[in-house]
Amino acid sequence: TSGSGSVHSHSAGGLAGKMGVPSLRAFAASSLLVSIWTWSRGCSGQGDEPFQQPEQIHIGLGYDPSEMTVHWTTIQSSGQSGKPEYRPGDSFVMYGLSPDSLTRASQGMSFLFRDFGSEKRAYTMHVAVMRGLSPSTTYHYVVGGNSSGWSSPYSFKSAPDTETLQDRLPMTYAVYGDQGDYNGQTLPSLQEAARKRELDMVLHVGDMAYNFDSDNGRNGDAWMRDIQPLAATVPYMVSVGNHESAQNYNHYTQRFRNMPSNSGNLSGFEEFGTVPNNWWYSWDSGLVHFVAVSTEVYFTHLELLPAMHGWLAKDLAGVNRSRTPWVIVHGHRPLYCSCDGDCDGAATTTRMGVKQRNGTWSYGLEELFYRNGVDLYVAGHEHDYERMYDVAPKYNHAAPWLSGVTTRSTEDPPATTYIVTGSAGNVEDHEPFTRPAPARSAKRLNTYGWSKLTVHNATHLLWQQVQTDRGQPASTWGTVMDETWIVQRHHGPFGSHPRRRLAETSSSAGTDKSGSGDFEDEKHSSALAFDPSARSQSPYAAAGCRHSREGEAVCQDITFNEGMQRLGRWQFTRGLGHVERAFTV
């Protein structure tokens, strides 16, 4: 389903205007561009300034299987905007069935991006669309132009349509949150999976770069360059997190302008004006309807909450479950978790919504998920991994983090399954579990890793957690630390699920009462499988960095903290080489 209008901030807000990204004009003279690109390859970049080269290239799924979007940056405009010699660079994408036969071209659009840090850096970003793609076909492409230079060739596999979907199955998705430029320990494994063509899509559930705006945006540039080998070949789909909040989420909103927005426009922000809404939107991939939500509006932009909640209700109610039987919603903050105080306050807010004067709650997510039969909700924010069973709504006034009831099912679960996968690695290190495992928890891990979702058919999907923690024995790198099949033969609203009575009458709430402090499967966690002294051997872990309410890292190690404040987080951590040097700076 799609919405229309603009979502306004800084007011009670209404919906007005027209939906959609700015139109991208087709470019007819593809043969001319082919010859220009071939000429430029043989001239060693004559006439091009090196810093004008396209960089930070990443692709995204389009509005239908015949499209793929691409977004990139040229830095040449920094310090030149407003001057007569300023040139925004070219916004062409050329594509075809082989790197030596790029027979098709499309002209995109460019816009001046501004960072509002102390240096007021500005440079150009570009968006283009590759259209008319045959389904499930490998394409090669380059971006840029003759004045700004061309990128190296990249390739991707187009999305399947209904006729090619069965041959494409199973489809595999990488899912994770909270990956920084420094200490992003999952990135090598993800790049390897992309190189082997094992991934159909990446889903990043918020908190990127740590942070985009650090060092006047250079940290964001560095992270975008680092993910390019992955993101330029696999559609990189996103939702927004609290670490993107600076400048009204300016960096996130602009750096991912290629998302298939179907929820109108964002407007009323001085940082970026009116732009397509990528804070909440949805798309289909194979047998899955994916929905991105912004959990951040509950904390920074309450004026937008009614618009998002209303759009989400309409979107979920309109899903064609015969075409996309699986429905997966993702946002940054969890609705359920068990690590610390976040699981009381913030999780209750996203789960229940805003408490009204009469004691009721409004605009909560959990009720919408249950009513519309959302199969999975995936989040990050907590820097750990926690897979839960099905959880049906039941508020616990005394201990909000123990809310919900579960049948502990992975076969025909009668409620939404909740997963936290925020252990991709960043400057803030791990987030320990300080509370016992509740009944709903199936597996808790505190090692770096990413989740692998493989959709086999309309009833079976496989969920795995891949360990990539360099602090653990090298032989365990790449090990699958958690694995489960989720089987659902009754997609749709849980109120009509044949096993709903089990959830309604379940007494499975609270924590384990066996006396062991752990459930049986929890006894086999990675903490027992790995060297118990491994974490204490990491001097970075000893720094004790944790995120503050404002999204900045606060470290117990005074020298480390002062170094980041003096030099800027990116410059400080990026130049360390080995983390031990942090304590001598």
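Residues numbered from 1 in each chain as written. Predicted model: local features only at pLDDT ≥ 70, side-chain atom pairs only at ≥ 80, totals over all residues. Heavy atoms only, no water.

Per an unreviewed UniProt entry, the recorded name for the protein chain is Purple acid phosphatase, and the organism is Alexandrium monilatum. Within the UniProt record for the protein chain, the comment given under Sequence similarities (unreviewed entry) is "Belongs to the metallophosphoesterase superfamily. Purple acid phosphatase family." Quoted verbatim from the Catalytic activity (unreviewed entry) field of UniProt, the annotation for the protein chain is "a phosphate monoester + H2O = an alcohol + phosphate". (UniProt positions renumbered as here; feature names shortened; annotations may be inferred.)

Turning our eyes to something else, we now look at the layout of surface pockets. Taken as a whole, the largest pocket encloses approximately 900 Å³ of empty space. Along the walls of the largest pocket sit 40 residues, with P65, A159, D284, S285 and G286 positioned nearest its centre. Mapped onto the lining of the largest pocket, the elements with two or more residues apiece are α2 (165–168) and β19 (281–285). The greatest single-element share of the lining of the largest pocket, amounting to four residues, is contributed by β19. Grouping the amino acids of the lining of the largest pocket by side-chain chemistry returns 15 nonpolar, 15 polar and ten charged. Formed jointly, the lining of the largest pocket draws a minimum of three residues from each of two domains, domain 1 (51–78 + 85–162) and domain 2 (169–500). (1 Å grid on protein atoms, 1.4 Å probe; cavity = no way out; pocket = protein on both sides within 12 Å on 5 of 7 lines; lining within 4 Å. Points joined across faces, edges and corners; volume = space filled by probe spheres on them. Helix = DSSP H or I, 4+ residues; strand = E, 2+ residues; numbered from the N terminus. Nonpolar A, V, L, I, M, F, W, Y, C, P; charged D, E, K, R; others polar. Domains from an automatic or database assignment.)

With that out of the way, let us pick up the nonpolar core. If you look at the biggest cluster of nonpolar residues, it comprises 111 residues, and the most contacted ones within it are V70, Y141, L230, Y236, F256, W279 and F369. Taken domain by domain, the makeup of this core includes at least three residues from each of domain 1 (51–78 + 85–162) and domain 2 (169–500). In this structure, I75, M109, M125 and V127 belong to the second largest nonpolar core, which totals seven residues. (Core = buried A, V, L, I, M, F, W, Y, C linked by side-chain atoms within 4.5 Å. Buried < 20%, exposed > 50% of the residue type's maximum accessible area, 1.4 Å probe, protein only.)

So, about the pattern of salt bridges. Enumeration over the complete set of coordinates arrives at 16 salt bridges. For R225, the salt bridge goes to E55, with nearest N and O atoms at 2.8 Å. Remark: E55 occurs in strand β3 (residues 55–61) and R225 occurs in helix α4 (residues 218–231); sequence separation between them is 170 residues. Overall, R225 belongs to the partly exposed group, its relative accessible area being 37%. Note on E55: relative accessible area 16%, which makes it buried. Counted as one network, the salt bridges with shared partners bring together E119, D215 and R218. (Salt bridge = Lys/Arg side-chain N within 4 Å of Asp/Glu carboxyl O.)

This paragraph deals with the packing of helix α3 (residues 187–195) against α4. Two numbers describe how α3 lies on α4: the axes approach to 8 Å, and their chain directions differ by 30 degrees. Comparing the axis directions of α3 and α4 gives the class roughly parallel. Contacts between α3 and α4 involve L187, L190, Q191 and A194 from the first element and D226, I227, P229 and L230 from the second. A breakdown of the residues in the contact of α3 with α4 according to their chemical character gives six nonpolar, one polar and one charged. (Axes fitted to C-alpha atoms, helices over the stretch in contact; angles between N-to-C directions. Parallel < 35°, antiparallel > 145°, perpendicular 65-115°, else oblique. Contact = heavy atoms within 4.5 Å.)

On to the state of the cysteines. In the structure shown here, the tally under the stated rule is one disulfide. A sulfur-sulfur distance of 2.1 Å marks the disulfide that ties C337 to C343. Between C337 and C343, the disulfide has an S-S torsion of -120 degrees and is therefore left-handed. Across the pair, C343 and C337 agree in class, each one buried. In this model C339 remains outside any disulfide bridge; the closest cysteine sulfur is found in C343, 4.0 Å from its own. (Disulfide = S-S within 2.5 Å.)

A few words on the confidence of the model for the protein chain. Mean pLDDT over the protein chain: 83, with 76% of residues reaching 70 or higher. In the predicted structure, residues 567–585 sits below a pLDDT of 50 and forms 48 contacts with residues beyond four places in sequence or in another chain. (pLDDT = per-residue confidence, 0-100.)

Overall, mixed pairing links the seven strands, which are arranged β19-β20-β21-β24-β26-β25-β27 in an open sheet. This sheet does not close on itself; its edge strands, each paired only once, are β19 and β27 (441–445). For this sheet the average axis-to-axis angle between neighbouring strands, irrespective of direction, equals 15 degrees. Here strand β21 (residues 326–330) runs beside strand β24 (residues 376–379); their pairing, made up of three bridges, is parallel. Within β24, the position partnered with I328 by the bridge is L376. (Pairing = 2+ DSSP bridges.)

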